[in-house]
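Structural overview for review
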Amino acid sequence: MADEAHGEGGGLSFHPMDQFEVKPLFGGGYDVHWYTITNVTLWLALAILAIIGLMVLTTSKRSTVPGRGQSIAELMYGFVYKMVEDVTGKDGIKYFPYIMTLFMFILCANFLGLIPMSFTTTSHIAVTAILGFGVFFAVTILGFVKNGASFLGLFWVSSAPLPLRPVLAVIEIISYFVRPVSHSIRLAGNMMAGHAVLKVFAGFAQVAAIAPVAIIGVMAIYGLEVLVSAIQAYVFTILTCVYLKDALHPHH
């Protein structure tokens, strides 16, 4: 690894962005087609298996005195349920399974990405965009189904002075259609940036002169990444709840 970290002439030549490269799991070459099983496919599947293991297998016995796995599952369930209820009200409880699924998937994918030599699926905009645009289309369709044309009242700030309302309406429309972009980029950008910094510090740790400082840096950044992984799952989920509240109660 030390040889890989040094290029010709003794300079450092590690590549922190290589960890985000999509590669086929089987066969040679780097050609990826829609049917190709890649490292992304593997770690997406592992995230799903992690959710099943935590939320299904550990709670199958439903012990009166829960074990560690069941306790964590119940804690996650109660945490997200309370979030949905507080933000969206009683009307939003029926959509709790969808929001719970989003939270658990992002959380498990983020934490699996912290395992050495793993692949962080939520660092790819292709993955987070599916999640972000899925939420956007779901709440928009729900808003029109539940409220009809009155859903457009979301863009009309009736409490503002009349001359300002058209201007604010344009701003509200733009901000509404930017939601899925910011929703997806926020998650992917935070996960990619943190892992790239980790790779940089790990590369510097191979240089004897600064290895102690670099190792301390890796430990600090890794601890921060654990926190960021949980926070990003929370942020994505609570924003979903906010968007759902707007669909259920669109009037300002």
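Residues numbered from 1 in each chain as written. Predicted model: local features only at pLDDT ≥ 70, side-chain atom pairs only at ≥ 80, totals over all residues. Heavy atoms only, no water.

Some points on the overall build of the protein
If you tally the helices and strands in the protein, you get seven helices and zero strands. Element order for the protein, N to C, with α for helix and β for strand: α-α-α-α-α-α-α. Oriented by its inertia axes, the alpha-carbon framework of the protein measures out at about 70 × 55 × 40 Å. Relative to its 252 residues, the protein shows a buried fraction of 38%. Taking the contacts inside the protein whose residues are at least 6 apart along the sequence as the reference set, 67% of them involve residues at least 24 apart. Carbon and sulfur atoms provide 71% of the accessible area of the protein, an area that totals close to 14200 Å². Across the protein, the centroid of the 13 positively charged side chains sits 16 Å from that of the 13 negatively charged ones. (Helix = DSSP H or I, 4+ residues; strand = E, 2+ residues; numbered from the N terminus. Buried < 20%, exposed > 50% of the residue type's maximum accessible area, 1.4 Å probe, protein only. Contact = heavy atoms within 4.5 Å. Areas by Shrake-Rupley, 256 points an atom, 1.4 Å probe, with all protein chains shown as cover. Lys, Arg positive; Asp, Glu negative; His and termini not counted. Charge placed at Lys NZ, Arg CZ, Asp CG, Glu CD.)

Things to note about the packing of aromatic side chains
Counted according to the given criterion, the structure contains 14 aromatic pairs. With a centroid separation of 5.9 Å and 40 degrees between ring planes, the pair formed by Phe 79 and Tyr 234 is classed as tilted. Highlighted residues: Phe 79 in helix H3 (residues 68–88) and Tyr 234 in helix H7 (residues 211–248), separated in sequence by 155 residues. The partly exposed category is assigned to Phe 79, whose relative accessible area is 38%. Seen from their ring centres, Tyr 176 and Phe 177 are 5.8 Å apart, and the 85 degrees between their planes marks the pair as edge-to-face. (Phe/Tyr/Trp six-rings, centres within 6.5 Å; stacked < 30°, edge-to-face > 60°.)

Section: helix H2 (residues 39–57)
For H2, spanning 19 residues, the distance from its first C-alpha to its last is 25 Å, which sits close to the expected 27 Å at 1.5 Å a residue. Buried residues along H2 sit in contact with H3, helix H4 (96–112) and helix H5 (125–147). The backbone nitrogen of Val 40 has a side-chain oxygen 3.2 Å away, supplied by the residue at the start of H2, namely Thr 38. (Expected span 1.5 Å × (residues − 1). Polar contact = N/O pair within 3.5 Å; in protein donor to acceptor, adjacent residues only side chain to side chain.)

A closer look at the packing of H2 against H4
Look at H2 against H4: their axes get within 9 Å of each other, and the N-to-C directions meet at 120 degrees. Here the hand of the crossing between H2 and H4 comes out right-handed. Packed against H2, whose contacting residues are Trp 43, Leu 44, Leu 46, Ala 47, Ala 50, Ile 51, Leu 54 and Met 55, the element H4 presents Met 100, Met 104, Phe 105, Cys 108, Ala 109 and Leu 112 at the interface. (Axes fitted to C-alpha atoms, helices over the stretch in contact; angles between N-to-C directions. Left-handed = near helix turned anticlockwise from the far one by under 90°.)

A look at a nonpolar patch on the surface
Together, Ile 125, Phe 133, Phe 137, Ile 141, Val 145, Val 170, Ile 174, Val 178, Val 181 and Ile 185 line one region of the surface with nonpolar side chains, adding up to about 910 Å² of accessible area. Put simply, the parts of the chain that give the nonpolar patch at least two residues each are H5 and helix H6 (165–204). (Patch = residues over 30% accessible without salt bridge, like charges linked within 9 Å, V, L, I, M, F, W, Y side chains within 5 Å. Salt bridge = Lys/Arg side-chain N within 4 Å of Asp/Glu carboxyl O.)

Regarding the confidence of the model for the protein
On average, the protein scores 86 in pLDDT, and the residues at 70 or more come to 92%. Here residues 1–10 is a poorly scored stretch, pLDDT under 50, and it has 16 contacts once near neighbours within four places are set aside; other chains count. (pLDDT = per-residue confidence, 0-100.)

Re the pattern of salt bridges
In the structure shown here, the tally under the stated rule is three salt bridges. The shortest N-O distance in the salt bridge between Asp 86 and Lys 82 comes to 3.6 Å. You can see Asp 86 and its partner Lys 82 sitting in helix H3, four residues apart, about one turn around the helix. In this structure Asp 86 comes out as exposed when scored by relative accessible area, which is 51%.

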